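One letter stands for each residue in the lines below.
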Amino acid sequence: MDDHGRQRILLNALNIHSGGGLQKVSCFLQELSQCDEALGRYLVITCDGSPINQLCEAKRLRQLSIGCGNLRRLVFEMSCRRIASGYSVCFNLGGLALIGSAGRCVNLSDCALSNLFYPEIDFWQDCSFFERIRRKAVDTYRRHAIKRSDCWIFETDTVRKRAVELCGFPEARTFVVSPTASTHVSRHAVDPALAEKMDLAMPRGFRFLCLNGAQPNKRIHRLPEIASAMVKRGFGDFCFVATMPDRHPYTQSVIAAFDGMGLGKNFCNIGPVAHGTVSSVLHVVGAVCTLSRLESFSNNFVEAWKMERPLVTTDADWARDACGPAALYVDPERPVETAEALGKLIHDTRLQSALVEKGRERLSQFPSPQEKTQLYLECIERARELGPCPKEVRRKIR
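One structure accompanies this document, and this report is about it. (Residues numbered from 1 in each chain as written. Predicted model: local features only at pLDDT ≥ 70, side-chain atom pairs only at ≥ 80, totals over all residues. Heavy atoms only, no water.)

**What about the packing of helix H2 (residues 19–32) against helix H17 (residues 369–386)?**
Point 1. For the pair H2 and H17, the least separation of the axes is 9 Å and the interaxial angle reads 85°. By the angle class used here, H2 and H17 are roughly perpendicular. Contacts between H2 and H17 pair Lys 24, Cys 27, Phe 28, Glu 31 and Leu 32 from the former with Pro 369, Gln 370, Lys 372, Thr 373, Tyr 376 and Leu 377 from the latter. (Axes fitted to C-alpha atoms, helices over the stretch in contact; angles between N-to-C directions. Helix = DSSP H or I, 4+ residues; strand = E, 2+ residues; numbered from the N terminus. Parallel < 35°, antiparallel > 145°, perpendicular 65-115°, else oblique. Contact = heavy atoms within 4.5 Å.)

**Let's talk about unusual backbone geometry**
Point 1. If you check the backbone angles, Arg 60 has positive phi at about 60° while not being a glycine.
Point 2. Counting through the fold element by element, Arg 60 comes out in the loop between helix H4 (51–59) and strand S3 (63–66).
Point 3. Classification of Arg 60 by relative accessible area gives exposed; the value is 67%. (Buried < 20%, exposed > 50% of the residue type's maximum accessible area, 1.4 Å probe, protein only.)

**Notes on the sheet that holds strand S11 (residues 287–290)**
For sheets, the rule is that strands pair by backbone hydrogen bonds, running either parallel or antiparallel.
Point 1. One open sheet accounts for six strands, arranged S10-S9-S8-S11-S12-S13; its pairing is parallel. A single partner strand is all that each edge strand has here, and the edge strands are strand S10 (267–269) and strand S13 (328–330). Across the sheet, the mean angle from the axis of one strand to that of its neighbour is 25°, orientation sign disregarded.
Point 2. Bridge analysis of strand S8 (residues 206–210) against strand S9 (residues 238–242) gives five bridges, and the strand direction is parallel. Residue Phe 206 lies in a different strand from S9, and its bridge partner there is Phe 238. (Pairing = 2+ DSSP bridges.)

**Topic: the sheet that holds strand S6 (residues 151–154)**
Point 1. The parallel open sheet is built from seven strands, whose spatial order is S3-S2-S1-S4-S5-S6-S7. At either margin of the open sheet sits one strand with a lone partner, and together these are S3 and strand S7 (174–176). Pairwise comparison of adjacent strand axes, ignoring direction, gives a mean angle of 20° for this sheet.
Point 2. In this sheet, strand S4 (residues 89–92) lies alongside strand S1 (residues 9–12) in parallel orientation, the contact comprising four bridges. Looking at the pairing, Leu 10 lines up with Cys 90 of S4.
Point 3. Where H2 meets the sheet, its contacts fall on S1, strand S2 (42–47), S4 and strand S5 (106–110), and the angle it forms with S1 comes to roughly 150°.
Point 4. The strands touched by H17 within the sheet are S1, S2, S4, S5, S6 and S7, with S5 carrying the most contacts at an inclination of about 145°.

Interpretation in functional terms is not warranted from these geometric data alone.
See below:
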């Protein structure tokens, strides 16, 4: 194949369906679509009917759409050798390289699988027995599959260092690209009518927004005990606002816990929030809470800062590396201490203003969507220059 052909890039988006990953990849592809060379140089692999599939159609990005279903996907991954051979690099936006691409092109993975690099944390401890077994089996596969790549991108240097020092990843083949706030989130993107509707739908008082799905790792189930401690200390005029699917068993268990403790007025679930409406929701809350046990990074951080809302998050190294002084740190496993910290935030307007100002400063240190896209492209070029990871180096990855 000629040099021009070998400069072509595959973008594997098969693992991208929802949440922060969808937002991140959508932002990247939107920026990429504005590059003149994008229409010819890049081929995006998508699932038929997925949001990324629809975005590529709207932005006229070349794509190869694969039918939905695990079997169809497996067949494609096993038989993609010829396609992969026609490209110099496959950038795996969901982390894991295509099975048949190994050795056919250089695989670069955007790795947000933080739990693989924190073996001391029982990431699935809040799941049921059988769900824990299933989740750990998936992690075992991911731990093996991530080794198929030749280079890796991490969102924070803390996780990158863990990958190198604890898991044997080759340091020269690891990169850091910091997240950026979605182009959909800004004070100018607030829909006044929608914001008013959201405001009327939520209880009065100081609102803590927990912008995440129904996943035990997010530790929304810790909120009833925290709320109880807040009420006992006289901080009764508040509400935790969640964005989980109403019918999900985890959501129902949280609602039942609040109701069982007589705290129904201190909790409100508004359901999943579309990307285009995040700004309007953030506009009518007092603070943003991200109490996850572990994250690679959370888009909630930059969204809170961009919308000038105080940020509350878990007191852990991954969070402190991402947020620095721009967050109020708590330990959800210590409900009394967390309650006191949140109560102080409700009534201390100077603390609120300080966190907003620190957030504004912290946000300025992160790349813009255009800058992040350029950093991604530089990583792709660097991966192409480095070439395949030598077998003796790959064998050292644990």
